[in-house]
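Structural description and commentary
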Amino acid sequence: MIEFKSVTKTYRDGTTAVHDLSLVIPSDKITVIVGPSGCGKTTTLRMINRMLEPTSGQITWDRNPLRNIRKTQLRREMGYVIQSGGLFPHRTVLENIQTVPHLLGWKKDRSQGRAEELLAMVGLESRLANRYPSQLSGGQQQRVGVARALAADPRVLLMDEPFSAVDPVVRADLHEQFLEIQRQVGKTIVMITHDIDEAIKLGDQIAIMRVGGVLAQVGSPQQLLEEPVDDFVAGFVGKDRGYRGLSFTSASGLPLGSVQLVRDAASARTDAPVLVVDENANPLGWADRTRPGQVQMLGTTFEPDTDTMRMALDSALNSPVGLAVAVAQNGRFAGVVTASQILDQVRHLKASVADAIAARAEADAARVEAEAARKEAESVRQEASRIAADADAEADEAARIEAAIKAAEEKEEQARSAEQAAAAKEAATTPAPTPTVEPEQEWTWDPAAEPKVGRTDAGDAETGDPRPGDSTAGDSNAGDAESHYR
Ligand SMILES: Nc1ncnc2c1ncn2[C@@H]1O[C@H](COP(=O)(O)OP(=O)(O)OP(=O)(O)O)[C@@H](O)[C@H]1O
Ligand SMILES: [Mg+2]
């Protein structure tokens, strides 16, 4: 895995070619960098093998900073296909391919054998081996460039517009070869192109850059087609991206109809389309209605289990009778389907994709809600435990207060007892109070009011007859009190 971490490259003249690029390039996969001219693609690629150093940020290879890896080692382990070929003009094709093995000191036999093997691998005839680059077409030169980059069996392949000089038909061929080579060698490939179709066809991952060296979006071809992040990306992947998107939809769900089959076109007797097949039921073509006995071309067929909707639709659109012909793996006729049936199916699938997206959005929303509820519950729980803790504290406080009150009451009680005891003691040691003599004026004895009973009465009076407020009452009272406290 190669990782760009906030990488910026500003050239000496102040041109920022790459701005704050963060990008993960997975191992053993094809990452395609695509974008308009001057957006920093080549600059990005050249920083991977340290032909250029970032101005800021860091690039790592399997988590190892590139700075710590020697340039010679990088060049050995990273093949580089230079934009517009970049072959040495004074060296032959074979010599060009052997450039790196030669630098690595391989024995001549080994490097020559390897060069010949690679020449075949990129689809060049061996008779071209001793030509000079100027004697090759642009496309052939580019293939030599690819062979040269693969020569020392590098782990990483950096390819700067390797197929740009090739016409579209040859290019389609080269793409197939390229994918086949990748299936065999499984390298980490970073490839640059201007061509979004090429990117979609070859890339496991596509990084779209915009002018100013800014990454616009990175994702699988399907992600870019289905969910472009902005108008720039949407515009770049093209207006017919819906059609391109059919390349990712399997043709396996298509309803297959039947059609009359004949071995001999001459035996076709109806106005309806009649398919001519061989003895193995492999389709050969359509019976020509206007020229009895003749066979019209079949166009392309498709295999529902392995091919895509796009292939099925191409097949229907190319068919002279408007029917796409489905075949089994062994080539036997499997059924037919019209373009409008294919489009219906696509619409249906799109609806289920839309449903799936809506369902996902709903599920996301539910998850968010659940999360909010969980958080709410959590905060309620915290609040509850806070309140419980407060209540505990309050209960403690109440118990503490209760204990204090009790203690105070006991103290008070003791104090009261002590006071009473003290009072009792005081009472015991203090002499009984002198009987109170009522004031004279209140108790008036009027001898004149007394009955005249003789002089003894006066003597009685002198012996001290009890009268109100007499001391005996006081004594006995004092005695009661004393016995009570003792
Ligand atoms: N050595 C340099 N000095 C100054 N500016 C440079 C240098 N090399 C490239 N540039 C500028 O940096 C920007 C990015 O260049 P780069 O070659 O990386 O773009 P590109 O995406 O590969 O373009 P193209 O598709 O045309 O190959 C451009 O504006 C270019 O002019
Ligand atoms: Mg470039």
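Our structure is the block above this text.
Just so we're clear, the structure is a prediction, and the values are computed from it rather than from any experiment.

Attention shifts here to the overall build of the protein chain. Across its full length, the protein chain carries 15 helices and 17 strands. Sequence-distant contacts in the protein chain: of pairs separated by 6 or more residues, those separated by 24 or more amount to 60%. Put simply, the protein chain shows about 28,500 Å² of open surface, and 52% of that area lies on carbon and sulfur atoms.

On to the layout of surface pockets, then. Within this model, the largest pocket holds a volume of roughly 580 Å³. Around the largest pocket, the lining comprises 19 residues; the ones closest to its centre are Glu-176, Lys-201, Ser-247, Arg-310 and Met-311. When residues of the lining of the largest pocket are traced back to their parent elements, those giving at least two are α7 (168-185), α8 (196-202) and α12 (309-318). Per-element accounting of the lining of the largest pocket gives the leading share, five residues, to α7. In terms of residue class, the lining of the largest pocket is built from five nonpolar, six polar and eight charged. There are two domains that each give the lining of the largest pocket at least three residues, and those are domain 1 (2-248) and domain 2 (251-342).

Here we take up the site of ligand 1. Around ligand 1, the surrounding shell holds 14 residues, and the nearest of these are Ser-37, Gly-38, Lys-41, Thr-42 and Thr-43. A distance of 3.5 Å separates a nitrogen atom of ligand 1 from a polar side-chain atom of Tyr-11. Its free accessible area being 640 Å², ligand 1 has 64% of it covered by the protein chains. Looking at side-chain class alone, the shell around ligand 1 contains three nonpolar, eight polar and three charged residues.

Reading across from one edge, β2-β1-β4-β5 is the order of the four strands in this open sheet, with antiparallel pairing throughout. Unpaired on one side and paired on the other, β2 (16-25) and β5 (64-65) mark the two borders of the sheet. Note that strand β4 (residues 56-61) and β5 share two bridges and pair antiparallel. Opposite Trp-61, over in β5, you have Asn-64 as the bridge partner.

Here we come to the sheet that holds strand β15 (residues 301-302). Across the sheet, which stays open at both edges, the three strands sit in the order β15-β16-β17 with mixed pairing between neighbours. Each edge of the sheet is formed by a strand with only one pairing partner; in this case those strands are β15 and β17 (333-338). Bridge analysis of β15 against strand β16 (residues 323-327) gives two bridges, and the strand direction is parallel. By the bridge assignment, Thr-301 is partnered in β16 with Val-325. Each of β15, β16 and β17 is contacted by α12, which is oriented at about 130 degrees to β16, the strand it contacts most.

Reading the values: rules and limits
Residues numbered from 1 in each chain as written. Chains lettered and ligands numbered in written order. Predicted model: local features only at pLDDT ≥ 70, side-chain atom pairs only at ≥ 80, totals over all residues. Heavy atoms only, no water. Helix = DSSP H or I, 4+ residues; strand = E, 2+ residues; numbered from the N terminus. Contact = heavy atoms within 4.5 Å. Areas by Shrake-Rupley, 256 points an atom, 1.4 Å probe, with all protein chains shown as cover. 1 Å grid on protein atoms, 1.4 Å probe; cavity = no way out; pocket = protein on both sides within 12 Å on 5 of 7 lines; lining within 4 Å. Points joined across faces, edges and corners; volume = space filled by probe spheres on them. Nonpolar A, V, L, I, M, F, W, Y, C, P; charged D, E, K, R; others polar. Domains from an automatic or database assignment. Near = heavy atom within 4 Å. Polar contact = N/O pair within 3.5 Å; in protein donor to acceptor, adjacent residues only side chain to side chain. Pairing = 2+ DSSP bridges. Axes fitted to C-alpha atoms, helices over the stretch in contact; angles between N-to-C directions.

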